[in-house]
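Structural characterization, general
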Amino acid sequence: MKSLNEPDWLNELDWLNGQGDAMLQLVEKLANVNSGTFNLDGLKTVTDCLTNEFSNLGGKLAVFESRPQFSINSMGNSEQQTLGDIIHITKRSQAEKKILLCIHMDTVYSKDHPFQRCQWLENGNLNGPGVADAKGGLIVMLYALKAFEQSPLAKNIGWEVLINPDEEIGSPGSVHIINEIAKRCSAGLLFEPALPDGTLVSWRKGSGNFTFVAKGRAAHAGREFEKGRNAIVAMAKLMTAVDQLNSSPEITYNVGNFQGGGALNVVPDLAIGRVNVRIKTVEQQNQVEQQFTELLNAANQADGISIEMHGQFSSPPKPMSPGIAELQLRIEKCAEMLGKQINWRGTGGACDGNKFAAAGLPNIDTLGPRGGDIHSMDEYLIPESLVPSAKLVTLILLSFANEI
Ligand SMILES: [Zn+2]
């Protein structure tokens, strides 16, 4: 890599120095619009704002429908849900080297959640829904690209931006685009928040959601109890067996939701159990799938009971790889030029970085601003991290462009 002390490179970073207020205002504006995954109106408002902002970059911008999500409802039936639109932008798509930049616009806070607006905290941080995860990341991505596009080096590489509306539920409606883009790009930068102290995430566990639907036979609890086949009891046994698979922190099985039953004088004929599983390796993924098949076969031996399993590992594990190590080194060098040292750690949380990695695209996925307590009403953004995060990403892009 050429030295980053080149005056023209530093000028582009200087431009970012004056952008802190504008960046913060945009984060606040976006976070004050609810964009819970199923709030299609809110997502539309955010999409309009983002397409307006990103169109200034001069790329080819498209907004298109995501695929619907299929889930199992409380009656045990498959249900289709419409998801928000996807924003996709490409610039210099013919370039030999293309970099992916991606982050989601949905949040975990639904339209009727009490957490809807930003407020300033006494310590100077901004508390608000999605300020760190990931509206701050959207703005870091935007400003890094704005800064990068001012450089004469920009012409050397192409980039693709993906902004999806469904990451918080595992990206069921956008994973097909993720898989397509992964084939076209040579590295990925994703904008989930960095940890509060600036640590970035290296490896991630994989995650899968599984829904078990047990069907038995209803009967009057007094008159013909013996004719009934109790679906709740069958499901309780199965869920207990699933919980007992927990034996090491490497693989975790969380029985997270249980539904079934109604009037107490009826033997219940329907029960639903939902489980989240986290794994570290693809081998463990296969192992869990095998375990579930065996438990299911055993449970289905019970007279008058039938249990079906739905679901999958929607986020495969993201283990360390040579491609990721190379990106880490590049990012460390860029950070060094900003006088910073990067620390890394693994996490049990999954994100779209898992999917890109599984599709063959090495990526670093916590290049957003620093923040914490995400997915809670205490979520906060550290505002002074916006500009340094954008500078780091600009340098990463310049480093790629300088190699051609
Ligand atoms: Zn996120």
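Residues numbered from 1 in each chain as written. Predicted model: local features only at pLDDT ≥ 70, side-chain atom pairs only at ≥ 80, totals over all residues. Heavy atoms only, no water.

For the rest of this paragraph, the subject is the overall build of the protein. The number of helices and strands found in the protein is ten helices and 20 strands. By the compact-globule yardstick of 22 Å for 404 residues, the protein fits well, its C-alpha radius of gyration being 24 Å. Looking at the protein residue by residue over its 404 residues, the buried ones come to 51%. Only carbon and sulfur atoms are counted for the fraction: they give 49% of the accessible area of the protein, which is about 17600 Å². Counting 35 positive and 45 negative side-chain charges, the protein places the averaged centre of each group 3 Å from the other. (Helix = DSSP H or I, 4+ residues; strand = E, 2+ residues; numbered from the N terminus. Rg over C-alpha atoms; globule rule 2.2 N^0.38 Å. Buried < 20%, exposed > 50% of the residue type's maximum accessible area, 1.4 Å probe, protein only. Areas by Shrake-Rupley, 256 points an atom, 1.4 Å probe, with all protein chains shown as cover. Lys, Arg positive; Asp, Glu negative; His and termini not counted. Charge placed at Lys NZ, Arg CZ, Asp CG, Glu CD.)

To continue, consider the domain arrangement of the protein. Split by domain assignment, the protein resolves into domain 1 (7–204 + 318–401) and domain 2 (206–314). Computed over C-alpha atoms only, the centres of domain 1 and domain 2 are separated by 36 Å. With 13 residues of domain 1 at the interface, the matching set in domain 2 holds twelve residues. When domain 1 packs against domain 2, the two sides together hide about 920 Å² of surface, and 54% of this comes from carbon and sulfur. Of all residues in domain 1, Ile 72, Ser 74 and Gly 76 bury the most surface against domain 2, accounting for 43% of the area lost on that side. Counting across the domain 1 and domain 2 interface gives zero salt bridges. For the side of domain 1 that touches domain 2, the secondary structure elements donating two or more residues are strand S10 (200–204) and helix H9 (352–358). (Domains from an automatic or database assignment. Contact = heavy atoms within 4.5 Å. Buried area = accessible area lost by both parts, 1.4 Å probe. Salt bridge = Lys/Arg side-chain N within 4 Å of Asp/Glu carboxyl O.)

Right, let's get into the layout of surface pockets. Estimates place the volume of the second largest pocket at around 320 Å³. Every residue lining the second largest pocket is counted, 20 residues in all, and those nearest its centre are Gly 198, Lys 340, Ile 342, Arg 370 and Leu 392. (1 Å grid on protein atoms, 1.4 Å probe; cavity = no way out; pocket = protein on both sides within 12 Å on 5 of 7 lines; lining within 4 Å. Points joined across faces, edges and corners; volume = space filled by probe spheres on them.)

Applying the stated rule across the entire model yields eleven salt bridges. Between Lys 44 and Asp 48 there is a salt bridge whose closest N-O contact spans 3.0 Å. In this pair, Lys 44 and Asp 48 are both assigned in helix H3 (residues 40–54), four residues apart and thus about one turn of the helix distant. Of the charged contacts in the structure, one is a salt bridge between Asp 303 and Arg 229, with a shortest N-O distance of 2.8 Å.

What follows concerns the packing of helix H6 (residues 231–243) against helix H7 (residues 282–299). For the pair H6 and H7, the least separation of the axes is 11 Å and the interaxial angle reads 150 degrees. It follows from the interaxial angle that H6 and H7 lie roughly antiparallel. Seen from above, H6 lies across H7 with right-handed handedness. Here Leu 238, Ala 241 and Val 242 of H6 come into contact with H7, specifically with Phe 292, Leu 295, Leu 296 and Ala 299. (Axes fitted to C-alpha atoms, helices over the stretch in contact; angles between N-to-C directions. Parallel < 35°, antiparallel > 145°, perpendicular 65-115°, else oblique. Left-handed = near helix turned anticlockwise from the far one by under 90°.)

Within the element layout of this structure, Gln 25 appears in helix H2 (residues 20–31). The class of Gln 25 is exposed, set by a relative accessible area of 56%. Taking the C-alpha atoms as reference points, Gln 25 and Leu 83, separated by 58 residues in sequence, lie 27 Å from one another.

Let's shift gears to the pairing of strand S4 (residues 85–91). A regular strand places its side chains on the two faces of the sheet in alternate fashion. Burial runs high along S4: six of the seven residues are buried. With six bridges connecting them, strand S1 (residues 60–65) and S4 associate as antiparallel partners. Across the sheet, the residue bridging to Ala 62 is His 88, located in S4. Where S4 lies against strand S8 (residues 158–164), five bridges are found, and the strand directions are antiparallel. Bridge pairing in S8 places Thr 90 opposite Glu 160. (Pairing = 2+ DSSP bridges.)

To continue, consider the sheet that holds strand S16 (residues 306–315). Remark on secondary structure: sheet strands pair via backbone hydrogen bonds, oriented parallel or antiparallel. Taken in spatial order, the four strands line up as S13-S15-S11-S16 in an open sheet, and their pairing is antiparallel. Each edge of the open sheet is held by one strand with a lone partner, namely strand S13 (252–260) and S16. Averaged over all pairs of adjacent strands, the angle between strand axes in this sheet comes to 15 degrees, irrespective of strand direction. Of the strand pairs in this sheet, strand S11 (residues 206–215) and S16 are connected by eight bridges, and their pairing is antiparallel. By the bridge assignment, Phe 210 is partnered in S16 with Gly 311.

Counted according to the given criterion, the structure contains six aromatic pairs. Summarising the aromatic geometry, the rings of Phe 212 and Phe 292 are spaced 5.5 Å apart at their centres and angled 75 degrees between planes, so their arrangement reads as edge-to-face. Linking Phe 212 in strand S11 with Phe 292 in helix H7, this pair joins segments that are 80 residues apart in sequence. Comparing Phe 212 with Phe 292, the two get one shared label, buried. Taken together, Phe 210, Phe 212, Tyr 253, Phe 292 and Phe 313 form an aromatic cluster joined through their ring pairs. (Phe/Tyr/Trp six-rings, centres within 6.5 Å; stacked < 30°, edge-to-face > 60°.)

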